[in-house]
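Residue-level structure breakdown
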Amino acid sequence: MTNSVKRHGDPDHRSFRGFFLIAVCAGLAMFVAMSCGKGTPVEHEVPTVEVTNVVQKDVPVYVEWVGTSDGFINAVIRAQVQGYLIKQSYSEGDFVKKGQLLFEIDPRPFQAAVDQAKGTLAISEAQWANAKANLKRVKPLAAENAVSQKDLDDAVASEQSFRAQTQANQAALEKAQLDLSFTKIVSLIDGIAGIAKTQVGDLVGPNQAEELTTVSKIDPIKVYINVSEQEYLKASQMKHANLEKAVLDLILTDGSTYPHKGKFFIADRQVDVKTGTIKVACLFRNPAHLLRPGQFTKVKALLGTRKNALLVPQRAVSELQGTYQVAVVGADNKVDIRPVNVAEKSGVLWVIEKGLKPGERVVAEGVQKVRQGMPVHVKPFQTDTPMSPKSPAAAQSAAGTASETGKR
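Below is a summary of the structure that appears in this document. (Residues numbered from 1 in each chain as written. Predicted model: local features only at pLDDT ≥ 70, side-chain atom pairs only at ≥ 80, totals over all residues. Heavy atoms only, no water.)

**Quick look at the pairing of strand β18 (residues 361–365)**
- Among the 5 residues in β18, 4 count as buried, and that is most of the element.
- Strand direction decides the pairing type here: strand β1 (residues 48–53) and β18, joined by 4 bridges, are antiparallel. Across the sheet, the residue bridging to Glu50 is Glu365, located in β18.
- The pairing of strand β15 (residues 323–329) with β18 spans 2 bridges and is classified as antiparallel. Following the sheet pairing, Val329 is matched in β18 by Arg361. (Buried < 20%, exposed > 50% of the residue type's maximum accessible area, 1.4 Å probe, protein only. Helix = DSSP H or I, 4+ residues; strand = E, 2+ residues; numbered from the N terminus. Pairing = 2+ DSSP bridges.)

**Brief notes about the pattern of salt bridges**
- A full pass over the atoms with the stated rule returns 12 salt bridges.
- Here Lys307 ties to Asp58 by a salt bridge, and the two come within 3.9 Å at their closest N and O atoms. Of this pair, Lys307 sits in strand β13 (residues 296–313) while Asp58 sits in strand β2 (residues 55–77), and the two are 249 residues apart along the sequence.
- Taking the relative accessible area as the measure of exposure, Asp58 reaches 39% and is therefore partly exposed.
- As a salt-bridge pair, Lys175 and Asp179 come within 2.7 Å of each other at their nearest N and O atoms. (Salt bridge = Lys/Arg side-chain N within 4 Å of Asp/Glu carboxyl O.)

**A short note on the side chain of Thr166**
- Tracing the backbone through its elements, the reader meets Thr166 in helix α3 (residues 149–181).
- We classify Thr166 as buried; its relative accessible area is 6%.
- For Thr166, the side chain forms a polar contact with the main-chain oxygen of Ser124, separated by 3.0 Å.
- Leaving out residues up to four positions away in the same chain, Thr166 has contacts with Leu121, Ser124, Glu125 and Trp128. (Polar contact = N/O pair within 3.5 Å; in protein donor to acceptor, adjacent residues only side chain to side chain. Contact = heavy atoms within 4.5 Å.)

Here is the structure:
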């Protein structure tokens, strides 16, 4: 009877064991639930991306190059005779006309040379006249054997000698007169005269390393661009491009567009082996002389129109080691990372030559968050730049697709 009576404070062994079994089962259940949950992504782990449809339309084909302006003709003015500069007759930076006096060299030494040459020529002319008269007298006498053959030969030789000397002295006089004319240095063309590289009092001459100044014809003005071999071949092979009739725009350093259109003028005869580019000159009218040689610009060429081009935002295209790829979202809202071939850019859009179809959805925002086969939530891409003239409809279509996908 004593054994059947419970002591106060003794634990109930059966109750304790039941409690322990319950706790163990609960722990196992939680572990199994957590283990099973690892294979199933929860809702908040699926990324949300912005998508837009691939648009197909005709787009103008533009290409841009950095250009440097240069005069249509640049006449480098140098001294052709040596002497001291005594006068500068033009205002630097002004427009000068062909034949206008620019500089003057001290003419006195050259005038003295002209006077001396005239005197020498006068002496030789007198001697030649005397020799001709003597020959005229000797010839009939020699015909009658009144003088010897030697006398006739001497007369002929003397006349020929003084004639040659007179001709030489005449050439020397012309040379002296030409040198005298070179003391007045004039412009050879109509154009803008640059800042003088010498000043009054300097000794100048034909062996001087630096020119006196340069006169440039700048209407029209040339703009040189360097076109890569690939661009040159691509532009030449484009069926819709007519390079001779291509319209060029000039973008100035302040971002403004030059009001006069330009055209391609000439291409160099060869490709530069060091840079792989060919030098091309473009022509632009410059009636107000706004453009000057040495300015940096951008030349934008409209080469033609690409028919039925496929367009996506540039931000939708990723470059990896020289290859390009786009994240395409299928009907099941899973991502397909697809390689594409890109062509030229059109504003903020990129023309895709191969790899996409019209109407497919591409990821335009959130590309860095996706990978192959990943499910995503989608919403329409928000941009201020229209994808096409029918962009509102395209946006509604994309929004409708995203809405239906979200419901599913």
